[in-house]
Structures are given as C-alpha cells and as structure tokens.
Amino acid sequence: MNDTQAFAIEIIKELEKKFKNACCNKVAEAYLDCALLIKHRIEEKQSKKN
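Here we summarise the structure given alongside this text. Fair warning: this is a prediction, and the values are worked out from it, not measured in the lab.

Considerations on helix H1 (residues 3-21)
Here is step 1 of the chain: With 19 residues, H1 should cover 27 Å at 1.5 Å per step; its first-to-last C-alpha distance of 28 Å lies within 8% of that length.
Here is step 2 of the chain: Inspection of H1 places Phe7, Ile11 and Leu15 among the buried residues, and these make up the whole buried set. Looking straight down H1, one finds its buried side chains confined to an arc of 65 degrees; they lie on one side. The exposed set on the far side of H1, more than 90 degrees from its buried face, consists of Lys13, Lys17, Lys20 and Asn21.
Here is step 3 of the chain: Those residues of H1 that are buried lie in contact with helix H2 (27-49).

Pasting the structure below:
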C-alpha cells in the first residue's frame, strides 16, 4: 500500500466516524466537518512533504 492509499483509507475511516455520529438534523454540520477535516489533513500532508 502506498502513501496515497494509506492516506485515503485513514480519511475514509475518520469520515465514517463523523457520519455514524451525526443525527438526521445535523447532516449539514457533518458535511462541513468532513470538508474541514479533509482540508486540514491535506494541509498536514503537504507540510510534511516540505
């Protein structure tokens, strides 16, 4: 498994946790959390490469 695959699997697992904990009326908030999580993790990954 390469770096990108491992990173994708890690993100998917974290997103699954977010959605499992989200209530029906909090779906928009869960989507926002996911978007921010992805943004944050990509920034972390890029800063490690630099």
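Regarding H2
Here is step 1 of the chain: End to end, H2 covers 33 Å across 23 residues, agreeing with the expected 33 Å (1.5 Å per residue, within 8%).
Here is step 2 of the chain: Every buried residue of H2 is accounted for by Ala30, Cys34, Leu37 and Arg41.
Here is step 3 of the chain: Those residues of H2 that are buried are in contact with H1.

Analysis parameters
- Residues numbered from 1 in each chain as written.
- Predicted model: local features only at pLDDT ≥ 70, side-chain atom pairs only at ≥ 80, totals over all residues.
- Heavy atoms only, no water.
- Helix = DSSP H or I, 4+ residues; strand = E, 2+ residues; numbered from the N terminus.
- Expected span 1.5 Å × (residues − 1).
- Buried < 20%, exposed > 50% of the residue type's maximum accessible area, 1.4 Å probe, protein only.
- Arc of directions from axis to C-beta.
- Contact = heavy atoms within 4.5 Å.

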